[in-house]
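Listed here are the chains, written in short residue letters.
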Amino acid sequence: MSGDERERAEAQRDHWQHTYGSHPGMYGQEPSAPARHAAGVFRAAGAQEVLELGAGHGRDALFFAREGFTVTATDFSATGLEQLRQAARDQGVGERVTTVVRDVREPLPLPDSSLGAVFAHMLLCMALSTHEIHAVVDEVRRVLRPGGTFVYAVRHTGDVHYGADTAR
């Protein structure tokens, strides 16, 4: 990682730590529409475990757990993940959710072909270089089993924020 990439990553980490600390549960408790879609796709594919990249405070990870999946939720905000762990305990799905503080720019500590499903909601829209996005997708490809499923959501032309960021 270059010095500029490292600075950008640190600034992003600080932003999300502050944001989740100042606004607990900022995205609400309801799962995102992409997570609702993904649960059906994952179930149809026979997946039992889901790796969520960029889980934040966990509204989607919690939904997957309530739907019966075992979830590993990653994010680089320890604050967001602590909110997720507490909500999982409160909702009675704590045994289905594992959290891991991790920067998506780092390789996943998982064996090749070890997962059936990976989910990322808006993660690929974060302050990642094109090279970093390719590296993330390569890691997802590496850890997915043959026939595994990767569901992700990114901004699109109908998004109110479309055109507000750097195009990749």
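Higher on the page you've got the structure.
Right, let's get into the overall build of the protein. If you tally the helices and strands in the protein, you get 5 helices and 5 strands. Walking the protein from its N terminus toward its C terminus, one meets helices and strands in the order α-α-β-α-β-α-β-β-α-β. In the protein, which comprises 168 residues, the share counted as buried stands at 43%. Within the protein, counting contacts between residues at least 6 apart in sequence, those at least 24 apart form 75% of the total. If you sum the accessible surface of the protein, you get close to 8,800 Å²; carbon and sulfur atoms cover 52% of it.

This next bit is on the packing of aromatic side chains. Under the criterion given, the structure shown has 6 aromatic pairs. Ring centres of phenylalanine 63 and phenylalanine 64 lie 6.0 Å apart, and the angle between their planes is 50°; on these two criteria the pair is classed as tilted. Take phenylalanine 63 and phenylalanine 64: they sit in the same class, and that class is buried. Ring geometry for phenylalanine 64 and phenylalanine 69: centres 6.2 Å apart, planes at 90°, overall edge-to-face.

This part covers the pairing of strand S1 (residues 49-53). Counting buried positions along S1 yields 5 of 5 residues, so the element is predominantly enclosed. Along S1, one buried face is formed by Glu49, Leu51 and Leu53 and the opposite face, lined by Val50 and Glu52, is buried too. Sheet topology places S1 next to strand S2 (residues 70-75); 5 bridges connect them, and they run parallel. Across the sheet, the residue bridging to leucine 51 is threonine 72, located in S2. Handedness of the S1-helix H3 (residues 59-66)-S2 crossover: right-handed. Strand direction decides the pairing type here: S1 and strand S4 (residues 115-121), joined by 2 bridges, are parallel. Opposite leucine 51, over in S4, you have valine 118 as the bridge partner.

The next point concerns empty space enclosed by the protein. Counted under the stated rule, the structure contains 1 cavity of 30 Å³ or more. A volume near 30 Å³ is recorded for the largest cavity. Around the largest cavity sit Leu53, Val104, Glu106, Leu108, Val136 and Glu139, which together line it. The class makeup of the residues in the lining of the largest cavity is 4 nonpolar, no polar and 2 charged.

The rules behind each value
- Residues numbered from 1 in each chain as written.
- Predicted model: local features only at pLDDT ≥ 70, side-chain atom pairs only at ≥ 80, totals over all residues.
- Heavy atoms only, no water.
- Helix = DSSP H or I, 4+ residues; strand = E, 2+ residues; numbered from the N terminus.
- Buried < 20%, exposed > 50% of the residue type's maximum accessible area, 1.4 Å probe, protein only.
- Contact = heavy atoms within 4.5 Å.
- Areas by Shrake-Rupley, 256 points an atom, 1.4 Å probe, with all protein chains shown as cover.
- Phe/Tyr/Trp six-rings, centres within 6.5 Å; stacked < 30°, edge-to-face > 60°.
- Pairing = 2+ DSSP bridges.
- Right-handed = clockwise from strand over helix to strand, strands pointing away.
- 1 Å grid on protein atoms, 1.4 Å probe; cavity = no way out; pocket = protein on both sides within 12 Å on 5 of 7 lines; lining within 4 Å.
- Points joined across faces, edges and corners; volume = space filled by probe spheres on them.
- Nonpolar A, V, L, I, M, F, W, Y, C, P; charged D, E, K, R; others polar.

From the geometry alone we can't say anything about function, so treat these as descriptive.
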